[in-house]
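So the chains spell out like this:
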Amino acid sequence: MRVDARGKSATHWIGVGILLLGAILRLAAFDETLIEPDQSAILDAAFQVARLNYFPAIGMKSSVGVMQTGVVPLLAALPLFVVKRSIAVQWFFSALDLLALAWLYRATRSALGQRAAWVATLLYATSPWVILYARTIWYQTLVAAFATTAFSAILVLLTRARPRPGVLVLAMVGATLMSMVHLAAAPWGAVLLGLCCVVTWRRRLWRSFGIGLAVSLVIALPYLVHLARSSFSEIAFLLKAAGENRGLNTATYRLSQELMSGAMIVANAHGDLWDRSIIPWDAAPALLLALVGIALVWAVARIAVSRRDRSALLFTLVWIFGVPALFLFSNVHLQHFYLLMLFPAPFVLLGAWIEASAGASAPALLAGVWRMVGRLAAVVLVLIAAWWASLWLVRIRLEAQGQLERPTRGWLMDRAAATVARYFADEPAGQVIVLAQFEGEMSPFEWLRGYTQTDAVRVVAADKGLVIPAGPACYLLGPGVSMDALSPVAAMVVEAPAMAIPANPPWRFYCKAASGEHPLPLAQWENGMSLLSIDITGESRPNGRLKIVHTWAYRAIKPGAYHFFNHLLLDGTLVAQIDGDGIPHWHWRDGDTLFTYFTLDLPADLPPGDYVLRVGMYTWPDIVRVPMLTGEDGYAMPVPQE
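Being a predicted model, the structure only gives us computed values, none of them experimental.

Enquirer: Quick one: what's the story with the overall build of the protein, residue by residue and with numbers?
Expert: In terms of regular secondary structure, the protein is built from 19 helices and 16 strands. In terms of principal-axis extent, the alpha carbons of the protein reach across some 100 × 50 × 50 Å. A buried classification covers 54% of the 642 residues belonging to the protein. Counting contacts in the protein only where the partners sit at least 6 residues apart, residues at least 24 apart contribute 74% of the total. Approximately 28,700 Å² of the protein is accessible, and the part contributed by carbon and sulfur atoms is 61%. For the protein, the distance from the average site of its 49 positive side-chain charges to the average site of its 43 negative ones is 22 Å.

This is how it looks when you write it as structure tokens:
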């Protein structure tokens with residue numbers, strides 16, 4: 001009895017140790033999470049939900065051109081009801097993956113045995129690709145967690161004679177959430193729901209099925225309504241795209257191998273410092289794939305000759321091969337996160353093999369050899385897991401020290417949000433203009449509007465223009481934005497050192513009082529825009545480049561979407577032009593002064609002559625020119641000669 005008690009205690013503490021390791025790798029330095037445009041869009045919607053101002057039926061547009069669901073912003077909003085910080089979302093997402101890890105341990109132990117549970121959860125706890133996404137606020141972050149939840153629940157349903165009623169509900173809800181957090185997982189989610197229907201029919205679990213179906217419909221209903229309202233055009237688009245240029249997309253199996261083996265994870269780091277700081281083990285991915293191959297052969301043989309664990313092993317094999325098969329005939333450019341629902345099946349298969357090898361029943365010599373092979377494989381797997389853990393411990397340390405190229409880290413962004421909120425508390429009539437570098441049409445700071453619940457926060461691309469509000473305002477210079485961006489208002493602003501954000505280098509605030517009256521304009525348009533000045537610099541020669549700065553005064557007489565045009569004319573003939581929105585119209589406020597920046601590239605065959613720059617604007621996207629108060633549709637001025 002004393003030995004049994006010690007054995008049970010050791011078993012208990014091994015399981016606890018694995019869960020603690022998983023917690024460290026997911027939650028250590030979680031405040032270093034990177035906030036980029038995609039994360040900012042999720043956080044903006046989540047803060048709106050947490051303030052009870054918004055219910056998202058859909059999310060942002062995916063990389064293949066269809067809208068994501070609103071499930072991720074809704075999940076992200078849950079911790080914000082308690083703690084209104086972006087890092088609370090990261091902690092919550094990581095904690096959900098940790099709960100999935102704990103459920104995997106319990107389910108695998110129940111279905112396949114203690115050693116199987118140790119191996120499967122140790123590999124999942126340390127898997128580099130799982131941790132990468134678990135430590136990120138993104139649509140694909142929770143795919144592996146919900147896939148693991150569904151896998152574990154179905155594993156219990158297939159192996160337990162009398163599973164608890166809630167297990168089927170958990171399987172169905174896990175499959176639905178997996179499908180909704182990222183649409184790439186939806187086809188596999190549909191397969192799992194179909195399997196749940198079969199289990200329900202065979203086990204007569206009608207009550208649990210009804211509850212699971214009701215909860216799943218509630219989760220999916222907003223997006224289903226969106227699809228119905230759009231006449232399922234996005235589904236038609238995906239089906240059409242999948243049918244074009246069909247061929248074998250072998251990348252699906254290559255990416256699957258990289259996911260399960262941890263290959264290529266170092267190359268995914270931000271910068272090469274992580275690569276230089278880790279202990280290399282180039283053979284580790286190949287070793288793990290070799291062990292998976294042995295486990296696959298064992299599983300097929302086991303299914304053929306024995307009824308023991310047949311359902312669990314067959315289910316695991318179908319999962320391993322079924323997930324990549326979904327993309328085998330797709331022409332989509334695959335990325336690793338498309339296949340995250342592969343987890344945790346390969347690790348459970350390895351665990352089942354190790355468990356079986358420990359209890360091998362065969363002639364003494366053969367059984368001894370088989371057990372020795374299993375023990376050697378278990379040692380190799382533990383070493384691989386330890387190496388995986390070391391990779392992330394190094395990366396976490398570097399992140400905490402701020403040594404990786406991660407400028408917009410979570411705690412810095414939260415500090416900026418709190419500083420902006422304090423400014424508004426002290427200056428209710430004030431505004432904050434964030435000058436940032438954009439990726440496409442978004443910046444990492446977009447979520448500040450959702451956080452502050454005011455449109456007095458405006459995020460402007462520093463290379464496209466500058467906004468000068470009529471009233472008091474502060475400018476936040478984001479990462480990579482120099483004081484040169486404030487040159488038009490340099491005489492008006494004063495640095496506020498107490499507001500600086502302690503990044504490296506610091507993000508500085510510069511504040512101004514209310515502005516004076518606008519000077520007399522050069523020209524006025526019917527929509528309330530007045531042109532105060534045009535500054536043209538550069539070289540007006542063949543292959544030259546002109547930099548054009550407009551200064552506008554805006555009155556919100558006819559708000560709307562507008563684009564500016566700049567036409568370079570010679571004797572009335574168009575020679576070159578540059579159009580664009582400058583500062584997008586949704587940033588314009590009544591009384592603003594707007595600086596818009598354009599760069600006009602001149603042709604190689606530019607003839608000599610006296611050039612005129614004609615400036616105006618048109619509505620967008622219908623492209624109707626806005627007339628001036630004088631009836632003309634543009635203002636012309638001579639271009640300075642070199």
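Let's pick the thread back up.
Enquirer: How would you summarise the sheet that holds strand S16 (residues 635-638) if you had to cite specific residues and measurements?
Expert: Ordered by their spatial adjacency, four strands build an open sheet running S13-S12-S15-S16, and the pairing between neighbours is antiparallel. On the outer flanks of this sheet lie strand S13 (573-580) and S16, each paired with one strand and no other. Here the average twist between neighbouring strands, direction ignored, is 20°. Bridge count between strand S15 (residues 611-619) and S16: four bridges; the pairing is antiparallel. When the bridges of S16 are listed, Leu 613 appears paired with Met 637.

Enquirer: Describe the pairing of strand S8 (residues 509-512), naming the residues involved and giving the relevant values.
Expert: Of the two faces of S8, the one carrying Phe 509 and Cys 511 and the one carrying Tyr 510 and Lys 512 are both buried. Both strand S6 (residues 473-477) and S8 contribute to a ladder of four bridges, which runs antiparallel. Bridge pairing links Cys 474 to Cys 511 in S8. Two elements, strand S7 (residues 494-495) and S8, share two bridges in a ladder whose sense is antiparallel. From the neighbouring strand, Glu 495 faces S8, where its bridge partner is Tyr 510.

Enquirer: Outline the state of the cysteines, listing residues and values.
Expert: According to the stated counting rule, one finds one disulfide in the structure shown. Covalent S-S linkage joins Cys 474 and Cys 511, the inter-sulfur distance amounting to 1.9 Å. Because the sign of the S-S torsion sets the handedness, a value of about 100° for the bond joining Cys 474 and Cys 511 places this disulfide among the right-handed ones. In this pair, Cys 474 is assigned in strand S6 and Cys 511 in strand S8, connecting sequence segments 37 residues apart.

Enquirer: Let's hear about the packing of helix H12 (residues 251-261) against helix H15 (residues 310-325): which residues, and what values?
Expert: Packing of H12 against H15 leaves a shortest axis separation of 8 Å and a crossing angle of 130°. With respect to H15, the axis of H12 lies oblique. On H15, the residues that touch Thr 252, Tyr 253 and Ser 256 of H12 are Phe 321, Pro 324 and Ala 325. Of the residues that constitute the contact of H12 with H15, the class distribution is four nonpolar, two polar and no charged.

Enquirer: Give me the lowdown on the sheet that holds strand S14 (residues 593-601), citing residues and values where you can.
Expert: Here we have five strands laid out as an open sheet, ordered S5-S14-S11-S10-S9, and antiparallel in their pairing. The strands lining the two open edges of the sheet, one partner per strand, are strand S5 (465-468) and strand S9 (523-524). As judged from the four bridges shared by S5 and S14, these two strands associate in the antiparallel manner. Along S14, the bridge assignment pairs Leu 466 with Phe 595.

Enquirer: Help me get a handle on unusual backbone geometry, residues and values and all.
Expert: For the bond running from Phe 343 to Pro 344, omega is 0°, close enough to zero to count as cis. Relative to the elements of secondary structure, Pro 344 occurs in the loop between H15 and helix H16 (345-358). Put simply, Asn 504 and Pro 505 share a cis peptide bond, and its omega is 0°. Along the chain, Pro 505 turns up in the loop between S7 and S8.

Enquirer: Residues and numbers for a positive patch on the surface, please.
Expert: Taken together, the side chains of Arg 106, Arg 109, Arg 160 and Arg 164 present a region of like positive charge at the surface. Looking at where Arg 106 falls in the secondary structure, it is placed in helix H4 (residues 86-112). Exposure remark for Arg 106: the relative accessible area of 47% places this residue in the partly exposed category.

Enquirer: For the packing of aromatic side chains, give the residues involved together with the corresponding values.
Expert: For the structure shown, the criterion picks out 29 aromatic pairs. Considering the side-chain rings of Phe 151 and Trp 319, the 5.0 Å spacing of their centres and the 85° angle between planes classify their relative orientation as edge-to-face. On the criterion of sequence distance, the pair formed by Phe 151 in helix H7 (residues 143-159) and Trp 319 in helix H15 is long-range, its members being 168 residues apart. With 5.4 Å between their ring centres and 85° between their planes, Trp 188 and Trp 319 make a pair best called edge-to-face. Of this pair, Trp 188 sits in helix H9 (residues 186-203) while Trp 319 sits in helix H15, placing them 131 residues apart in sequence. Residues Trp 188 and Trp 319 agree in their burial class; the two are buried. By way of ring pairs, the aromatic residues Trp 525, Trp 552, Tyr 554, Tyr 562, Phe 564, Trp 588 and Phe 598 are connected into one cluster. Geometry around Trp 201 places Arg 204 over its ring, the cationic atom sitting 5.2 Å from the centre. For the cation-ring pair, Arg 625 lies above Phe 565, with the distance from its terminal atom to the ring centre recorded as 4.3 Å.

Enquirer: Give a description of the environment of Gly 113 that names residues and reports values.
Expert: Relative to the helices and strands, Gly 113 is located in the loop between H4 and helix H5 (114-126). With relative accessibility at 13%, the residue Gly 113 sits in the buried group. Along the backbone, Gly 113 and Ile 354 are 241 residues apart, and their C-alpha atoms lie at a distance of 9.9 Å. Beyond its immediate chain neighbours, meaning those up to four positions away, Gly 113 contacts Thr 108 and Glu 355.

Quick notes on the rules
- Residues numbered from 1 in each chain as written.
- Predicted model: local features only at pLDDT ≥ 70, side-chain atom pairs only at ≥ 80, totals over all residues.
- Heavy atoms only, no water.
- Helix = DSSP H or I, 4+ residues; strand = E, 2+ residues; numbered from the N terminus.
- Buried < 20%, exposed > 50% of the residue type's maximum accessible area, 1.4 Å probe, protein only.
- Contact = heavy atoms within 4.5 Å.
- Areas by Shrake-Rupley, 256 points an atom, 1.4 Å probe, with all protein chains shown as cover.
- Lys, Arg positive; Asp, Glu negative; His and termini not counted.
- Charge placed at Lys NZ, Arg CZ, Asp CG, Glu CD.
- Pairing = 2+ DSSP bridges.
- Axes fitted to C-alpha atoms, helices over the stretch in contact; angles between N-to-C directions.
- Disulfide = S-S within 2.5 Å.
- Parallel < 35°, antiparallel > 145°, perpendicular 65-115°, else oblique.
- Nonpolar A, V, L, I, M, F, W, Y, C, P; charged D, E, K, R; others polar.
- Patch = residues over 30% accessible without salt bridge, like charges linked within 9 Å, V, L, I, M, F, W, Y side chains within 5 Å.
- Salt bridge = Lys/Arg side-chain N within 4 Å of Asp/Glu carboxyl O.
- Phe/Tyr/Trp six-rings, centres within 6.5 Å; stacked < 30°, edge-to-face > 60°.
- Lys NZ or Arg CZ within 6 Å of the ring centre and 35° of its normal.

It is worth stressing that arrangement in space is one thing and function is another; only the former is reported here.
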